[in-house]
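Chain residues, written in single-letter form:
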Amino acid sequence: AQKITQTQPGMFVQEKEAVTLDCTYDTSDPSYGLFWYKQPSSGEMIFLIYQGSYDQQNATEGRYSLNFQKARKSANLVISASQLGDSAMYFCAMREGRYGNKLVFGAGTILRVKS
Amino acid sequence: KAGVTQTPRYLIKTRGQQVTLSCSPISGHRSVSWYQQTPGQGLQFLFEYFSETQRNKGNFPGRFSGRQFSNSRSEMNVSTLELGDSALYLCASSPGQDTQYFGPGTRLTVL
C-alpha cells in the first residue's frame, strides 16, 4: 500500500497567489513525522517544513505552512504569495517510529508559477 | 555552517564495474542517510548510519553497501553495476528526527 500519496502530478499558480499541494499518508504508528521538500531542476532537495504527529499546532516556516489534519491523515503544504522561484518539484515524505530517519517519499507534484 | 557535500557530483561507469560515493554531513550531525532517485521508482531509501552503525536499511540488493567513519563521513558502494543503477544518489544528514538536510547528489550513469 502507498504510504504517501500525492494526487496532483502538476499544478499551475499565478504569481502572488496562494497554492495548496495535497499529501495523504498511511501509517498505524502513533509516532511519525511529516516533511515537505522542494527540488528545483538543479536536483538538490531543499527542506521546507516539518510536522510531528504529536504537534498540536500546524507548522509554519515563512511563506510555507502545513495544514495537518490527523484524523484524515492529510498533510497539505500551503505556499502563500507564490513567487517565480517557487517553480519546482515538491515532495511529501514521512518518517515512522521513534528511532531512525528513514523517509518514505511520495511521487511528487510539479508546481509552475506563472507571471 | 557548511552544508552536506557529496563527491563526485557526476560519474560515468560501465556495467560490471563498482563505484564508491562519498558524503560529508553537516558538522555535528551523526545520522547520515542515502537515497536513490530515478524517474521510474522515484525516491527510495537505501540505508541510514548513525555513530558508525547501520540503523535502517531499505529494500535493495546486497550489491549496495555503505559505511560510516568516526568523523560521521559516509560512503556507499555499489558493486557489479547494472544499467538500472543509473540514478541520482542523494545523501542526507540529520541532527535529530525533525530535519534532514540533503546534499547536491551524485549523478551516476551506467553504460
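Nothing here was measured: the structure is a model prediction, and the numbers come from that model.

(A) Fine view of the overall build of chain B. On a plain count of helices and strands, chain B comes out with 0 helices and 11 strands. Each helix (α) and strand (β) of chain B, taken in turn from the N terminus, gives the series β-β-β-β-β-β-β-β-β-β-β. Relative to the compact-globule value of 13 Å for 111 residues, chain B shows a C-alpha radius of gyration of 13 Å, a close match. Principal-axis analysis of the C-alpha atoms places the extent of chain B at approximately 35 × 25 × 25 Å. Within the span of chain B, comprising 111 residues, buried residues form 49% of the whole. If you take every contact in chain B between residues at least 6 apart in sequence, the share linking residues at least 24 apart comes to 52%. For chain B, the exposed area adds up to about 5,200 Å²; of that, 48% sits on carbon and sulfur atoms. The distance from the centre of the 11 positive side-chain charges to the centre of the 6 negative ones in chain B is 5 Å.

(B) Examining the overall build of chain A more closely. Across its full length, chain A carries 0 helices and 12 strands. Reading chain A from its N terminus to its C terminus gives the helix and strand order β-β-β-β-β-β-β-β-β-β-β-β. In terms of C-alpha radius of gyration, chain A reaches 14 Å, essentially the compact-globule figure of 13 Å for 115 residues. The proportion of buried residues among the 115 residues of chain A is 47%. Counting only contacts in chain A whose residues sit at least 6 apart along the sequence, the fraction spanning at least 24 positions is 55%. Carbon and sulfur atoms provide 48% of the accessible area of chain A, an area that totals close to 5,700 Å². Counting 12 positive and 10 negative side-chain charges, chain A places the averaged centre of each group 2 Å from the other.

(C) Up close: the state of the cysteines. Residues and elements named next belong to chain A. As enumerated under the stated definition, the model contains 2 disulfides over all chains in all. Here Cys-23 pairs with Cys-92 through a disulfide, and the sulfurs are 2.0 Å apart. Where Cys-23 bonds to Cys-92 through sulfur, the torsion about that S-S bond is close to -65°, and the disulfide is left-handed. Remark: Cys-92 occurs in strand S10 (residues 88–96) and Cys-23 occurs in the loop between strand S3 (19–21) and strand S4 (24–25); sequence separation between them is 69 residues. Considered together, Cys-23 and Cys-92 belong to a single accessibility category, that of buried residues.

(D) Representation of the environment of Asn58(A) in the model. Residues and elements named next belong to chain A. Mapping Asn-58 onto the fold places it in the loop between strand S6 (46–52) and strand S7 (60–61). Looking at Asn-58, the relative accessible area reads 39%, which means it is partly exposed. Separated by 43 residues in the primary sequence, Asn-58 and Glu-15 have C-alpha atoms spaced 24 Å apart. Apart from the residues lying within four places of it in its own chain, the contact partners of Asn-58 are Gln-51, Leu-66, Asn-67 and Phe-68. For Asn-58, the side chain forms a polar contact with the main-chain nitrogen of Phe-68, separated by 3.2 Å.

Cut-offs and rules
Within every chain, residues take consecutive numbers counted from 1 along the sequence as written. Chains carry letters and ligands carry numbers; both start at the beginning, A for chains and 1 for ligands, and go up in the order they are written. Given that this is a predicted model, residues contribute local features only at a pLDDT of at least 70 and side-chain atom pairs are listed and counted only at 80 or more, while totals for whole chains, interfaces and linings are drawn from all residues. The side-chain figures draw on all heavy atoms in the structure; neither hydrogens nor water molecules are used. Helix and strand definitions follow DSSP, with helices as H or I runs of at least four residues and strands as E runs of at least two, each counted in order from the N terminus. Based on C-alpha atoms, the radius of gyration is set beside the globule rule, defined as 2.2 Å times the residue count to the power 0.38. Relative accessibility decides the category of a residue: with a 1.4 Å probe and only protein chains considered, values under 20% of the type maximum give buried, values over 50% give exposed, and everything between is partly exposed. Residues are treated as being in contact if the distance between any of their heavy atoms lies within 4.5 Å. The Shrake-Rupley method, run with a 1.4 Å probe, gives the accessible areas here. Residue values count only the displayed protein chains as cover. Under the counting rule used here, the positive set is Lys and Arg, the negative set is Asp and Glu, and His together with the chain ends is not counted. Working definition for charges: the position is that of NZ of Lys, CZ of Arg, CG of Asp or CD of Glu. Count a disulfide wherever a pair of cysteine sulfur atoms falls within 2.5 Å. Pairs of N or O atoms are called polar contacts if they sit within 3.5 Å, as long as, within protein, a hydrogen donor faces a hydrogen acceptor (for residues adjacent in sequence, only side-chain-to-side-chain pairs).

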